Amino acid sequence: MTAPTETAIKVFISHRESKCDECGEELGRQAWFTLEENKGAVCLSCADLDELVFLPTGDAALTRRAKKHSTLSAVVLQFSRARGRYERQGLLVEDDALAQAEAECLADSEVRARRNERARERRVELDEEYVKQFAKCIRDLFPGCPENREQIIAEHACLKYSGRVGRTAGAKSLDEAMVTLAVKAHIRHRETNYDSLLAKGWHRNEARAQVKNRVEALLVTWRG
Ligand SMILES: [Zn+2]
């Protein structure tokens, strides 16, 4: 659990010459200090915050993650004379936490890039007209099918069948049996524990038999 904002440690960047009330050190202008009860300004060293590293505001995901991984963190504020209020400058976090957060964000952006690439390749393969017809066919046959599922099923079916039958031929040969088969396969994967049975080493036929009733029941529901 992260501490609620109101209890977060606050570090202020001073506009004036300041002095640490604990060690007496002159902190100069633009000093970073925290305010402690019954004391005035306390320097980061005295406040045991000087091991933390500064992460400026700007990258929301990085900030959120760094804060999550940091046992100790502090919000850095500076008074804006122009706006008449304290404004958040960033966060002081543990170095390790920041490194971990950076690694996660980097991994994310790589994952995202790969996902986009796959989506792009997929779109190239998909015959939009075919998908549209297929989706419409599903919606007609299964009016009780949850929203947007017909699109997901149709895209998958299109990828699957486009290599086997010519796209134009495929569009023409859309029939009830073929569409039902695609819907059935979708239900099996998405609405039953079929995939986890396979993962546990069940044979496909046994696993199919196991989920058959659930698949049939949903087919009836989706038919409306
Ligand atoms: Zn001090």
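Throughout what follows, the structure given in this document is the object of discussion. Per chain, residue numbering runs from 1 following the sequence as it is written. Only residues with pLDDT of at least 70 are given local features in this predicted model, and only at 80 or more are side-chain atom pairs given and counted; all residues enter the totals for whole chains, interfaces and linings. Note that the side-chain values use all heavy atoms of the structure and ignore hydrogens as well as water.

Topic: the layout of surface pockets
Moving on, step 1. Buriedness of a pocket was judged along seven lines, with at least five required to meet protein on both sides within 12 Å; pockets are open sets of points on a 1 Å grid over the protein atoms alone, cavities are sets where a 1.4 Å probe fits but cannot get out, and lining residues have an atom within 4 Å of a point. Grid points are joined across faces, edges and corners, and a volume is the space filled by probe spheres set on the points. If you add up the space inside the second largest pocket, you get close to 240 Å³.
Moving on, step 2. Broken down by secondary-structure element, the contributors of at least two residues to the lining of the second largest pocket are β1 (9-13) and β4 (32-35).
Moving on, step 3. Its residues assigned to classes, the lining of the second largest pocket comprises six nonpolar, three polar and three charged. Only runs of H or I of at least four residues qualify as helices and only runs of E of at least two qualify as strands under DSSP, and these elements are numbered from the N terminus. In the scheme used here, Gly and all other residues not listed as nonpolar or charged are polar, with Ala, Val, Leu, Ile, Met, Phe, Trp, Tyr, Cys and Pro taken as nonpolar and Asp, Glu, Lys and Arg as charged.

Quick look at the pattern of salt bridges
Moving on, step 1. We define a salt bridge as a side-chain nitrogen of Lys or Arg found within 4 Å of a carboxyl oxygen belonging to Asp or Glu. Summed over all chains, the structure comprises 10 salt bridges.
Moving on, step 2. With a shortest N-O distance of 2.9 Å, Arg-65 and Asp-108 are connected by a salt bridge. Of this pair, Arg-65 sits in helix α1 (residues 60-69) while Asp-108 sits in helix α2 (residues 95-125), and the two are 43 residues apart along the sequence.
Moving on, step 3. Residue Asp-140 pairs with Lys-136 through a salt bridge whose shortest N-O separation is 2.9 Å. In this pair, Asp-140 and Lys-136 both sit in helix α3 (residues 128-141), four residues apart, roughly one turn of the helix. Of the two residues, Asp-140 and Lys-136, both sit in the exposed class.
Moving on, step 4. Members of the salt-bridge network, linked through shared partners, are Arg-65, Glu-104 and Asp-108. Relative accessibility thresholds used throughout: buried, under 20% of the residue-type maximum; exposed, over 50%; partly exposed, between the two (1.4 Å probe, protein chains only).

Here's the deal with the sheet that holds strand β6 (residues 53-56)
Within a sheet, each strand pairs with its neighbour through backbone hydrogen bonds, oriented either parallel or antiparallel.
Moving on, step 1. Reading across the sheet, the six strands line up as β5-β4-β1-β7-β8-β6 and stay open at both edges, with mixed pairing between neighbours. Strand pairing shows two members of the sheet lacking a second neighbour, β5 (41-43) and β6, which therefore form its edges. Looking at each pair of strands side by side, their axes are set apart by 45 degrees on average, direction ignored.
Moving on, step 2. With seven bridges joining them, strand β7 (residues 74-80) and strand β8 (residues 85-93) adopt antiparallel strand pairing. Residue pairing across strands places Ser-80 opposite Arg-85, the latter belonging to β8. Strands pair, by our definition, only if DSSP identifies at least two bridges between them. Throughout, an axis means a line fitted to C-alpha atoms (over the contacting stretch in the case of helices), and angles, computed between N-to-C directions, take values from 0 to 180 degrees.

Description of the coordination of the zinc ion
Moving on, step 1. Ligating atoms shown are N, O and S within 2.8 Å of the metal, or 3.2 Å for Na, K and Ca, and water is not included, meaning a site may look less than complete. Surrounding the zinc ion are the protein donor atoms Cys-20 (SG), Cys-23 (SG), Cys-43 (SG) and Cys-46 (SG), at 2.3 to 2.4 Å.
Moving on, step 2. Any coordination sphere not matching a tetrahedral pattern (four donors, all angles between 85 and 135 degrees) or a square planar or octahedral pattern (four or six donors, opposite donors over 155 degrees apart, other angles between 65 and 115) is reported as irregular. Each of the four donor atoms around the zinc ion contributes to a set of angles spanning 102 to 117 degrees, which defines the coordination as tetrahedral.
Moving on, step 3. Sequence spacing among the residues donating to the zinc ion works out to C-x2-C-x19-C-x2-C. Placement of the pair is Cys-20 in the loop between β2 (18-19) and β3 (26-28) and Cys-46 in the loop between β5 and β6, with a sequence separation of 26 residues.
Moving on, step 4. For Cys-20, a relative accessible area of 2% gives the class buried.
Moving on, step 5. Judged by relative accessible area, Cys-46 falls into the partly exposed class, the value being 24%.

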